[in-house]
Every structure is written in structure tokens, then in C-alpha cells.
Amino acid sequence: MDDLDDLDDADEPDDFVSGYADDPDPEDLTTGAMELAERHQLRRVASLRTELEDITEVEYRQLRLERVVLVGVWTTGSVQDAENSMAELALLAETAGSEVLEAIYQRRQSPDPATYVGRGKVEGLQEIVAATGADTVICDGELAPSQLRNLEDRLKVKVVDRTALILDIFAQHAKSREGQAQVELAQLSYMKQRLRGWGGNLSRQAGGRVAGGAGIGGRGPGETKIETDRRRINTKIAKLRRQLAQMKGTRDTMRTERQRNQVPSVAIAGYTNAGKSSLLNRLTGAGVLVEDALFATLDPTTRRTTTSDGRVYTMSDTVGFVRHLPHQLVEAFRSTLEEVADSDLILHVVDGSHPDPEGQITAVREVFAEIGADRVPELVVVNKADLADPLVLARLRQREPHLVVVSARTGEGIEEALRVVEGELPHPAEPFDALVPYARGDLMNRIHQHGEIEHLEHTADGTRVSGRANAGLAGELAEYAVEA
């Protein structure tokens, strides 16, 4: 028996490691890591083809990437601006789960009112779609319903615009109940104006035999199918608005509680994929999802943290912005974006490695103005310093005097950013000088959390403390005030 055991040991390699040892302990994963693992469990597989053409037949055999062609109209700016816009559209398309085959753009004073691009460009686009086998065309702009219809009639493939693409990404990434309701509201608001009949089916009136076989006596003016769909969408929109109003009440209650306790708030906002979630994790240890993708996180995350002298404040991560952010999303996410407008300080995160960081800053500030956050003090935080060009950083420093440069990945500049944030937070205004009895430890704890202590001394009668506090706390301390 011993010889058999020795033989088994000899057959086993020295570097053998059980496969189970590679799996991390679920208890060691943060919430963000678990969400990222769940998101990567199902990925579309590229470069797989079968002889089957009907998608219903291959539904359970492979997940096919949607093959898309990108189209843009360049009206203002330089060639570099147009190429940056098309590169961003390609990233949006890949984030939505598609394979970009070709990208073209046209120089025009304004988009064609009938087909977005010119008539000759549409014919060239037909040839590109036929040659590449694309099944979708994505336009870099918001198209009118007539433009969508005309392009689909001529190209014979599905046509979507930039707004529909962004809404699709939001629908994939929304996790919370409020986020899903907000995205659905934005999608329905967008869809309501773009309903169209398919052949004669959806435009048929519901009189006569069409109306459930009512026949003679049941005929009437009827209602077209599109009108019925529009009425159902309006009903669903009204229901979603009521649900969001209830959720907004919960959010307002939490915000009011923070204001009652005089807890300062810091909002992290900026362009999508600039590193807002990474910065929140680095500053507070929040452990939220981090992924190198556009609009990876949509649901706001708020974490409580403290300054170096013990004052409590909150830091919130918000949804990312993008050029030409759809108006429907701004309206639907207004309750969430109010976190930015009601904050005491905005950390405006900018991707320092992006080809056009100035364009990102301008796009984000346009959204700030739309939601009423342009009056809130702003600190520009240039992230990804380890990847950024030093000349770009110098240019940004010259343009934005109130700026810090950090790297959320390496930790560079984080300490400086925290010092600036602590200095920018609102300071208590009411001076106090009190002798707090030792029995009022709760009051001393509130002084440490919400006040600024200038002098503290332990005496036989209690703790002699002086400094500044908010009006409510100073009023409570008046009972123990020490007369000059």
C-alpha cells in the first residue's frame, strides 16, 4: 500500500495546483467586483458564422455581434473634432455590443433635412452596406422621424441615431429600480415621436370587422394602430412619472436629513469614462464597479467620509456626461442630477489622456448649466496623469487655475486633492467657547463631527472647548458657554 502511495505522489507534478484555488473567496470581493464579474459572464462572441441566416435559428447556438456602419455630418470645427466625434461614436457602438465595420462622415453646412447626409452619400452608403454585409447604420446625431424613415427605405437596413444608441447602453447598465425606471421613461419619450406603421398593418383602422369581428352595428371612426400605441405609451409614461415622484421623495428625505445635520456634500461629476468611480474608490474605499467602458456605472453612489480633523461629509458618484447628451435622459435623470446641483462642491473629473480634454470640459459644463449646477463651486480634477501628455497637463493648468492632477490608478496626487477638498468645504460660522460636562459625551462627539475645534482642554469640571459650529449646534452649546 505504501508503494502505491509513493507511486501516486511520483505521478503528481510538483507544481500541481487545484483549479478551485484560483477562484477568489466571494466574501473578499467588493460590490463593484461582483457586478463586473456578473457583467462579463455573458459576452457576445465575434467571428463566429454558420450557414443559418435566420437569427431565430441561431439564437441558442451563438450570440452574434451586430455589424454596424457609422455615418457623421461635419458642420463646424476642425477635422480633428470630426474624427474625435466619430471615434467616440465607435466606442459607444462597441459598448452597446456591436462590431464597427466602416465609418464615414461628410462635410456640410447643415444635415440634409430628408436623409441626414446628401443624396450621393446615401448611394455610396448603400454600396458600403451591401459590400460589408452590415445590418445597422448608426448616425452621429439625433435624426428626425422622417430622416429615419427615408434612410431605412433606401438602405434596407435598420438605422439608429446617437440618442437611441446612448439609450440602449443605459438600458443595459441600469441596475437599481430607480435607474431602470428613468431609462424606460427616456426611451418611451424618445419612441413616442418616432412611431411608424409597418406596411398597412399598423395604420389600419379598427372599425367594422377589424374590431374583433363586430361587423354591422360595430363600425365607427375607429382608431389607428399608431394612435393606440401612442396612447399606451402616454399611459406608461404617466405611471413611470408617478413612480419616480415617489422615489424622488425618498431621495429628498435623505438629502433633507443631511442638511438638517449640516453635513457638507461633494459630488463627483464629469465626462463618461473619465474615472469617476475609480476616484471615488480611491478617496473613500467605496468598492463600486469600475470598468474601462462608456457609461459603465449609472446608479449614483454616496459614501460618508471624514476630513483629517474629523469633520463628516458625503461624497457622491453620479452618471457620466457625453457630448450631445440626449435631452430625454437629462429630464429622466433630473432627480439624480439634483445631487450635483444641491452639493457644496463639485469635483469635475477630466480624462487627461483624452485627445480633446477641453471639449470634454465644455460638454460637461453645458449640462451643469442645464441642471442649475453652474453656481456650485467647482474643482477640476484631471485624472489618468500616468497616461497623460505633460504638454496637455500644462495647457490645462494654464486654462483652469483651480485644478489638481491625480491618477486614481497609481494614487498620484490623491493627498493633494483631499487637502484641496477639505479646504473648499463650507466651514461653520458661529464661534463658541463652552465647558461641556463629561456626561455630555454625545455633544462632544457632534462637535468633533460637525464643528471646528480651535482649543480643547480637560478640566476638573468638564471639557473646555472653543471653536466654530453651525447655528444649531452653537445654540445647544450656549447652555454651557463660558463667559469672557
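Quantities reported herein were computed from a predicted structural model and do not represent experimental measurements.

Caption draft 1: Fine view of helix 13 (residues 390-399). Listed as buried for helix 13 are V392, L393 and L396. All buried residues of helix 13 project into a common sector of 100 degrees when viewed along the axis, lining one side. Exposed and oriented more than 90 degrees from the buried face of helix 13 are P390, L391 and Q398.

Caption draft 2: Structural context of the environment of R162. As for its position among the elements, R162 is in helix 6 (residues 162-173). Exposure remark for R162: the relative accessible area of 3% places this residue in the buried category. When the C-alpha atoms of R162 and I138 are compared, they prove to be 6.9 Å apart, with 24 residues separating the residues in sequence. When residues no more than four places from it in sequence are discounted, the contact partners of R162 are S85, E88, L89, L92, C139, D140, G141, V322, R323 and H324.

Caption draft 3: Examining unusual backbone geometry more closely. Although it is not a glycine, Y116 adopts a positive phi angle of roughly 70 degrees. Within the secondary structure, Y116 sits in the loop between strand 2 (98-107) and helix 4 (119-132). For Y116, a relative accessible area of 5% gives the class buried. Even without glycine at this site, H324 takes up a positive phi of about 55 degrees.

Caption draft 4: Spotlight on the sheet that holds strand 4 (residues 158-161). Pairing in this open sheet of four strands is parallel, and the strands run 2-1-3-4 from one edge to the other. Across the chains shown, the open sheet's two edge strands, defined by having one partner strand only, are strand 2 and strand 4. Averaged over all neighbouring strand pairs, the angle between strand axes comes to 25 degrees, with direction disregarded. Examined bridge by bridge, strand 3 (residues 136-139) and strand 4 share four bridges and lie parallel to one another. Note on strand 4: the bridge partner recorded for V137 is V159. In the packing of helix 3 (residues 79-96) onto the sheet, the strands contacted are strand 1 (66-74), strand 2 and strand 3, and the crossing angle to strand 2 comes to about 155 degrees.

Caption draft 5: Spotlight on helix 14 (residues 414-424). Looking only at helix 14, the buried set comprises I414, A417, L418, V421 and E422. All buried residues of helix 14 fall inside an arc of 135 degrees around its axis, so they share one side. Of the exposed residues in helix 14, the ones pointing more than 90 degrees away from its buried face are E415 and R419. Buried residues along helix 14 sit against strand 5 (265-270), helix 9 (276-284), strand 7 (312-317), strand 8 (345-351), strand 9 (378-383) and strand 10 (403-405).

Caption draft 6: Representation of the environment of S189. Along the chain, S189 falls in helix 7 (residues 177-192). Taking the C-alpha atoms as reference, S189 lies 9.3 Å from A332; in sequence the two are 143 residues apart. Dropping the residues within four chain positions of it, S189 is found in contact with I237 and Q328.

Caption draft 7: Inspection of the packing of aromatic side chains at higher detail. Under the definition given, this model contains two aromatic pairs. Geometrically, the ring pair formed by F321 and F368 is edge-to-face, given 6.0 Å between the ring centres and 85 degrees between the ring planes. Residue F321 is found in the loop between strand 7 and helix 10 (327-332), and its partner F368 is found in helix 12 (residues 357-371); the two are separated by 47 residues along the sequence. One exposure class covers both F321 and F368, and it is buried. If you follow R107 out to its NZ or CZ, it ends over the ring of W74, 4.4 Å from the centre.

Caption draft 8: Looking closely at the sheet that holds strand 7. Here six strands make up an open sheet; going across it, the order is 6-7-5-8-9-10 and the pairing mixed. Whereas interior strands pair on both sides, the edge strands pair on one side only; in this sheet they are strand 6 (301-306) and strand 10. Ignoring which end each strand starts from, the neighbouring axes of this sheet average 25 degrees apart. Contacts from helix 9 reach strand 5, strand 6, strand 7, strand 8 and strand 9 within the one sheet, and its direction differs from that of strand 7 by about 155 degrees.

Caption draft 9: Seen up close, the pattern of salt bridges. By the definition in use, this model includes 18 salt bridges. R194 is the partner of E142 in a salt bridge, and the nearest nitrogen-oxygen pair spans 3.2 Å. With E142 in the loop between strand 3 and helix 5 (145-155) and R194 in the loop between helix 7 and helix 8 (225-260), this residue pair connects regions lying 52 residues apart in the sequence. Given the relative accessible area of 46%, E142 is considered partly exposed. A relative accessible area of 18% places R194 in the buried class. For the salt bridge of R440 with D442, the shortest nitrogen-to-oxygen distance reads 3.1 Å. R440 sits in the partly exposed class, given a relative accessible area of 24%. Judged by its relative accessible area of 45%, D442 falls in the partly exposed class. Among the charged side chains, a salt-bridge network with shared partners connects E88, D140, R162, R323 and D356.

Caption draft 10: Fine view of the packing of helix 3 against helix 6. Two elements in contact, helix 3 and helix 6, have axes separated by 9 Å at closest approach and are oriented at 40 degrees. As far as their axial angle goes, helix 6 and helix 3 are oblique. In this structure, the crossing between helix 3 and helix 6 has a hand that is left-handed. In this structure, helix 3 contributes S85, E88, L89, L92, A93, T95 and A96 to the contact, and helix 6 contributes R162, L165, I166, D168, I169, Q172 and H173. Residues that form the contact of helix 3 with helix 6 fall into these classes: seven nonpolar, four polar and three charged.

Caption draft 11: The confidence of the model for the chain, seen in detail. Residues of the chain with pLDDT of at least 70 account for 78%, and the chain-wide mean is 79. Every residue in residues 198-211 is under pLDDT 50, and counting partners more than four places away or in other chains gives 28 contacts.

How each quantity is defined
- Residues numbered from 1 in each chain as written.
- Predicted model: local features only at pLDDT ≥ 70, side-chain atom pairs only at ≥ 80, totals over all residues.
- Heavy atoms only, no water.
- Buried < 20%, exposed > 50% of the residue type's maximum accessible area, 1.4 Å probe, protein only.
- Helix = DSSP H or I, 4+ residues; strand = E, 2+ residues; numbered from the N terminus.
- Arc of directions from axis to C-beta.
- Contact = heavy atoms within 4.5 Å.
- Pairing = 2+ DSSP bridges.
- Axes fitted to C-alpha atoms, helices over the stretch in contact; angles between N-to-C directions.
- Phe/Tyr/Trp six-rings, centres within 6.5 Å; stacked < 30°, edge-to-face > 60°.
- Lys NZ or Arg CZ within 6 Å of the ring centre and 35° of its normal.
- Salt bridge = Lys/Arg side-chain N within 4 Å of Asp/Glu carboxyl O.
- Parallel < 35°, antiparallel > 145°, perpendicular 65-115°, else oblique.
- Left-handed = near helix turned anticlockwise from the far one by under 90°.
- Nonpolar A, V, L, I, M, F, W, Y, C, P; charged D, E, K, R; others polar.
- pLDDT = per-residue confidence, 0-100.

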